[in-house]
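Architecture at a glance
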Amino acid sequence: MTKKWARAALTHPAFCGVSRTHLGDLIEELADPWLARCESALYERRGAERQREAGAGPKHDLVFTDRLLVTLVHLRTGLPHAALAELYGTARSTVSRAIGEIRPLLAARGFAVPDRPGVRLRTLADVFAYAEAEGIRLRIDGAETQVRRPKANRPGRRAFVSGKKKQNTIKTTTISDGQGRLLWSGADRPGRMHDQTAMRTEGIAEQLRSRPKVTAEVDEGYRGLANEFPDQVSAPPKMPKDEAPLGEQYAWREMRRRQSSERICVEHANAELRQWRPLQRYTGRREDYAETHLAIASLVSDRAARRPTRSKPSTELVLARQAAY
């Protein structure tokens, strides 16, 4: 298979996970940063300014478009480097080097903002500032991805064992808006750490304290945060005791159903992340998981931000004009 045919096949959304329009936008956005990084690496290697004109010297075996494509296909399908190298008729090391160059650029892009082309959210402070300015009620949830088990006799081997999944995982925190559009995903930590501990370590509690107008919906794992910020954070109601009246139990079920319907959109955002193979079960080095997760999350946020904002229907009653008798 020639490079031309490989490029034509891998540009299909089933392989790269993005539309061709989105792919063209990524090429235009990342071409200059990639070229600048290459020039910086060459300058460090030479130790002086270049002696020849730009473009002279040996050419890349994979041009920038192909480098971006193999990275997207690897992130989407988890296809091994050797298989991608066979498609392009090149060495495995060339594909590995290309993915190592493009993945950090994708991870550094940040998260797209709905209805705000060109604006990116890169930190939690940006997310809470955006929510306060737009009056958005945030939805916060945690997610776990299975990873390789650390080797025996290494310190911290039990740190990745999740008490919920009963396997080695890495946890992340996801924040979305009311339509399930991804606004932020990060706070990577070993699976043994509790979600609420990670939130406080990452600084979400401080953001809530500094921006009292921001509100959020959470699940059972963040009940302590809801107790600390009762006017801002809403958690599921506590389950009544067995001897509680039947009416109280029915009221609890209805309140829990309503809270779940308000929070289900962040579960949809996590489901979009799960469509990418590495976030279903990560088989690479655990040190590279955070970068891989951010790269995928930035692409998912691009697609989610393109969804139009639904106008909230009014629940006010409109009285018809009374006929004159």
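Let me begin by describing the structure that accompanies this report. It should be emphasised that the depicted structure is a prediction, and the values quoted were computed from it without experimental measurement. Throughout, residues of each chain are indexed from 1 in the direction in which the sequence is written. In view of the model being predicted, local features appear only for residues whose pLDDT reaches at least 70, and side-chain atom pairs are presented and counted only at 80 or more, with totals across whole chains, interfaces and linings using the full set of residues. The side-chain values count all of the structure's non-hydrogen atoms but skip hydrogen atoms and water molecules.

**Focus on the pairing of strand 3 (residues 138–146)**
Exposed residues in this analysis have more than 50% of their type's maximum accessible area, buried residues have under 20%, and partly exposed residues fall in between, with area computed by a 1.4 Å probe over protein chains only. Working definition: helices are DSSP H or I runs of at least four residues, strands are E runs of at least two. Numbering for both runs from the N terminus. The element strand 3 is extensively covered by neighbouring structure, given that 8 of its 9 residues are classed as buried. Whether two strands pair depends on DSSP finding at least two bridges between them. As defined by bridge partners, strand 3 adjoins strand 4 (residues 169–176) across 8 bridges and the pair is classed as antiparallel. Note on strand 4: the bridge partner recorded for Asp 141 is Thr 174.

**Quick word on the packing of helix 3 (residues 20–46) against helix 6 (residues 92–107)**
Angle between the axes and distance between the axes: these two values describe a pair of packed helices. As a rule, the C-alpha atoms of each element are fitted with a line to give its axis, helices using only the stretch in contact, and angles between N-to-C directions run from 0 to 180 degrees. One way to put it is that helix 3 packs onto helix 6 with a least axis distance of 10 Å and a crossing angle of 120 degrees. Considering the angle they form, helix 3 stands oblique to helix 6. Where helix 3 crosses over helix 6, the handedness of that crossing is right-handed. Here helix 3 contributes Leu 26, Leu 30, Pro 33, Trp 34 and Arg 37 to the contact with helix 6, which in turn contributes Glu 101, Ile 102, Pro 104, Leu 105 and Leu 106. Any residue that is not Ala, Val, Leu, Ile, Met, Phe, Trp, Tyr, Cys, Pro, Asp, Glu, Lys or Arg is counted as polar, Gly included; the first ten are nonpolar and the last four charged. Here the contact of helix 3 with helix 6 is built from residues that sort into 8 nonpolar, no polar and 2 charged. Here the angle decides the label: under 35 degrees means roughly parallel, over 145 means roughly antiparallel, 65 to 115 means roughly perpendicular, and every other value means oblique. Handedness of a crossing is defined here by the sense of rotation of the near helix relative to the far one, left-handed for an anticlockwise turn of less than a right angle and right-handed for a clockwise turn. Whether two residues are in contact is decided by their heavy atoms, any of which lying within 4.5 Å being enough.

**With respect to unusual backbone geometry**
Positive phi values are uncommon outside glycine, yet Asp 115 reaches one of about 65 degrees. One non-glycine residue, Lys 166, lies in the positive phi region at around 60 degrees. In this fold, Lys 166 is placed in the loop between strand 3 and strand 4.

**Description of the pattern of salt bridges**
Salt bridges are counted wherever a side-chain nitrogen of Lys or Arg sits within 4 Å of a carboxyl oxygen of Asp or Glu. In this structure the tally under the stated criterion is 23 salt bridges. The salt bridge involving Glu 291 is made with Arg 103; its shortest N-O contact spans 3.0 Å. Taken together, the positions of Glu 291 in helix 12 (residues 289–305) and Arg 103 in helix 6 put the pair 188 residues apart, joining distant regions of the chain. Looking at Glu 291, the relative accessible area reads 27%, which means it is partly exposed.

**Looking at the environment of Thr 77**
Among the secondary structure elements, Thr 77 is positioned in helix 4 (residues 64–77). Distance in space between the C-alpha atoms of Thr 77 and Pro 33 is 25 Å, their sequence separation being 44 residues. The residues contacting Thr 77, other than those within four sequence positions of it, are Ala 14, Phe 15 and Arg 277. Reaching out from Thr 77, the side chain makes a polar contact with the backbone oxygen of Val 73 at a distance of 2.7 Å. A polar atom in the side chain of Thr 77 sits 3.3 Å from the backbone nitrogen of Leu 79. Pairs of N or O atoms are called polar contacts if they sit within 3.5 Å, as long as, within protein, a hydrogen donor faces a hydrogen acceptor (for residues adjacent in sequence, only side-chain-to-side-chain pairs).

**Re the sheet that holds strand 4**
Spatial strand order, 5-4-3-6-7: 5 strands in an open sheet with mixed pairing. In this open sheet, the two strands that pair with only one neighbour each are strand 5 (182–190) and strand 7 (233–234). As defined by bridge partners, strand 6 (residues 216–217) adjoins strand 7 across 2 bridges and the pair is classed as parallel. Considered in strand 7, the bridge of Glu 217 is made with Ser 234.

**Section: the packing of aromatic side chains**
Stacked, edge-to-face and tilted are the three classes for Phe, Tyr and Trp ring pairs, Trp counted by its six-membered ring, which pair at centre distances within 6.5 Å; planes under 30 degrees apart are stacked, over 60 edge-to-face, the rest tilted. For the structure on display, the rule yields 2 aromatic pairs. Ring centres of Trp 34 and Phe 64 lie 5.3 Å apart, and the angle between their planes is 40 degrees; this geometry places the pair in the tilted category. With Trp 34 in helix 3 and Phe 64 in helix 4, this residue pair connects regions lying 30 residues apart in the sequence. Comparing Trp 34 with Phe 64, the two get one shared label, buried. Considering the side-chain rings of Tyr 282 and Tyr 289, the 5.3 Å spacing of their centres and the 80 degrees angle between planes classify their relative orientation as edge-to-face. Accessibility classification places Tyr 282 together with Tyr 289 in one group, the buried group. Cation placement over rings: the criterion is NZ of Lys or CZ of Arg within 6 Å of the ring centroid and within 35° of the ring normal. Sitting over the ring of Trp 276, Arg 76 keeps its end group 5.2 Å from the ring centre. Its guanidinium or amino end placed over the ring of Phe 160, Arg 286 lies 4.9 Å from that ring's centre, counting from NZ or CZ.

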